[in-house]
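# Descriptive analysis of the structure
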Amino acid sequence: MTEETLPGPDGTFALPPLAWALDALAPAIDAETMSLHWGAHHRAYVDKLNAALAARPSLQGKSLEALLARAGTLHADVRTNAGQHWNHAFFWESMAPPGRGGAPDGALLAAIERDFGSPGGLVEAFDAAGAAHFGSGWAWLVRAGNGRLVVGTTPDEQSPLMEGAALSGTPLLVNDLWEHAYYLGYRNRRADYLAAWWQVVNWKAVGARFAAAQAA
Amino acid sequence: MRTLRPALLPALLLALAAPALAQAPEPAATGTAAAPAPVGPFALDPLPYGFDALAPVIDAETMRLHWGAHHRAYVDNLNRAVAADPALAKLSLEQMLARVSTLPKPVRDNGGGHWNHRFFWTLMTAPGTGGQPSPRLLAAIARDFGSLPAFRRQFEQAGLRQFGSGWAWLIVRPDGRLAITSTPNQDNPLMDVVPEAERGTPILGNDVWEHAYYLSYRNRRGEYLQKWWEVVNWNQVSLLFEAAQSRR
């Protein structure tokens, strides 16, 4: 999702299809969680975003990324739903069925080793950040402006693409820390979810995002 | 918080209120058996009813996790934060909340989490046993919201509109009027981080963190907010209202 996300010809954003079946991420993420998370939560964010934009002609036709870049000026109805639409679309593309996501390699692996010591070091830092985040939010791996890889979290709907976000940089990977992402499968054990989630990380997507960010 | 001492409220309620409550089956025993020995100044109090007492509005597994895992973690983490900073040991929980902007973030998160949940348990009772708002509370609700149904709708809206984790509140403002507010995460209307216009004495609060309702209601927060009225302990809310009025 390094390209821009534009509304359709009718001016509305659409719920993107998943690249895999609802049960494809099991056992890391169960089918009911996927069904609700994509088909109810993400869908509601898209619907509410469209409703909020319908009342604001000056924002219509803008890309999702253009909206996020001016998040500080947006009404909460636009900001929260635009943020959640982008984050969820990026989240789905960050995952692949177990065994299908590959492993970090090439320039990405070199950058991970430079900044975290090893892929294991990245996993440890990412999971610690996710476990320490209080309340709803997201855990990210981003490429900072200085080219370094950085792990951090944002609250609620925030993304690193928003002006004034708690973390800035080019997003490379995200995990959802809202309880709806893991409560059916893991109950209150967020740390167990974070640890299991690496089975479904799409390292091929992360590598492509990293390459695009390096080239930009 | 001179008179609002939630640790004592369940006992107070049992002494004053409906006989049905006093006969609640296997109430505190379930909780007491699992309660940990305090390792700091704060402790997880037993629930005033059994885990299944609020069903079908709130299922037993949700109660077990919400009290026994989520609330417990707030207590444990608050005790850790206090142990790490001896200056905090001199403060009551309410004193911490009143100056929480000056204290470490774990005090805000876990102090709020402990206060809010301890309060929340006392606001609920088995379906059909919570009574009605007292005449004086009902008059205040009618004065400030139009009617009891109008109040309920506005409170549900506050819960729905709270984006992400948080709470919906009914508070008594310093001028004696009632107000509906919401706060993010484990913040509450006693904290100095909350805008002045939204501060006051809570007399009712509903938890809209997803862990409060996801097992039974999934993404349907609005349905949870509607059903929740069946377990609201209006006898208790009325007592809290009177206490808040008498302190003014």
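About the cut-offs
- Residue numbers here run from 1 along each chain, matching the order of that chain's written sequence.
- To label them, take the chains in the order written and letter them from A, then take the ligands in the order written and number them from 1.
- Given that the model is predicted, a residue must reach a pLDDT of at least 70 before its local features are reported, and side-chain atom pairs must reach 80 or more before they are shown or counted; all residues, however, enter totals for whole chains, interfaces and linings.
- Values reported for side chains reflect all heavy atoms of the structure, with hydrogen atoms and water molecules removed beforehand.
- Secondary structure elements follow DSSP: runs of H or I of four or more residues count as helices, runs of E of two or more count as strands, with numbering from the N terminus.
- To get the radius of gyration, use the C-alpha atoms; to get the globule rule, take the number of residues to the power 0.38 and multiply by 2.2 Å.
- Between two residues, a contact is recorded if the distance between any of their heavy atoms is within 4.5 Å.
- Residue exposure ignores everything except the shown protein chains as possible cover, and the areas themselves are Shrake-Rupley values with a 1.4 Å probe.
- Note on charges: Lys and Arg go in the positive column, Asp and Glu in the negative column, and His and the chain ends are not counted at all.
- Note on charges: their place is set at NZ of Lys, CZ of Arg, CG of Asp or CD of Glu.
- Burial classes follow relative accessibility: with a 1.4 Å probe on protein chains only, a residue under 20% of its type's maximum area counts as buried, one over 50% as exposed, and anything between as partly exposed.
- Any two strands with at least two DSSP-identified bridges between them are counted as paired.
- In this analysis, axes come from line fits to C-alpha atoms, helices being fitted only over the stretch in contact, and the angle between any two N-to-C directions falls in the range 0 to 180 degrees.
- Definition of nonpolar core: a set of buried residues of the types Ala, Val, Leu, Ile, Met, Phe, Trp, Tyr and Cys, connected through side-chain atoms within 4.5 Å.

Further remarks concern the overall build of chain A. Of regular secondary structure, chain A possesses eight helices and three strands. For chain A, the N- to C-terminal ordering of α and β elements is α-α-α-α-α-β-β-β-α-α-α. Compactness check: chain A gives a C-alpha radius of gyration of 17 Å against a globular reference of 17 Å for 216 residues, within 12% of the reference. Oriented by its inertia axes, the alpha-carbon framework of chain A measures out at about 50 × 40 × 30 Å. In chain A, 68% of the contacts between residues at least 6 apart in sequence involve partners at least 24 apart. Carbon and sulfur atoms form 54% of the exposed surface of chain A, whose accessible area is close to 8600 Å². Computing the positive centroid from 15 side-chain charges and the negative centroid from 21, chain A places the two 3 Å apart.

Here we take up the overall build of chain B. A count of helices and strands for chain B gives eleven helices and three strands. Starting at the N terminus and ending at the C terminus, chain B contains elements arranged as α-α-α-α-α-α-α-α-β-β-β-α-α-α. Considering only contacts in chain B between residues 6 or more positions apart, those separated by 24 or more positions represent 70%. Surface summary for chain B: the accessible area is close to 10100 Å², and the carbon and sulfur share equals 56%.

Residues and elements named next belong to chain B. Within strand β3 (residues 201-207), seven of the seven residues are buried, leaving the element largely enclosed by the surrounding structure. In the sheet, strand β1 (residues 166-172) pairs with β3 via six bridges, with the strands oriented antiparallel. Looking at the pairing, L170 lines up with L204 of β3.

Right, let's get into the sheet that holds β1 of chain B. Backbone hydrogen bonds hold the strands of a sheet together, and the pairing may be parallel or antiparallel. Residues and elements named next belong to chain B. Pairing is antiparallel across the open sheet formed by three strands, whose spatial order is β2-β1-β3. Each of the sheet's edge strands pairs with one partner strand only, and the pair in question is β2 (178-184) and β3. Across the sheet, the axes of successive neighbouring strands diverge by a mean angle of 25°, strand direction being ignored. Its contacts with the sheet put helix α11 (residues 234-246) on β1, β2 and β3, and the angle it makes with β3 is roughly 150°.

What follows concerns the environment of T201 of chain B. All names here are of chain B. Mapped onto the elements, T201 comes out in strand β3. It is 8.4 Å that separates the C-alpha atoms of T201 and L170, two residues lying 31 residues apart in sequence. Residues within four places of T201 in sequence aside, it is in contact with L170, I171, V172, A244 and R247.

Glancing now at the nonpolar core. As a rule of thumb, nonpolar side chains are buried together in soluble globular proteins. In terms of nonpolar packing, the biggest core is built from 74 residues, with F151, L178, L204, W228 and W234 of chain B touching the most fellow members. It is helix α4 (residues 60-83) of chain B that provides the largest number of residues to this core, a total of eight residues. Beyond its immediate sequence surroundings of up to four residues, W228 of chain B is in contact with V57, I58, F120, M124, F155, L204, G205 and N206 of chain B. Grouped together as the second largest cluster of nonpolar side chains are 62 residues, F13, A111, W138 and V151 of chain A included.

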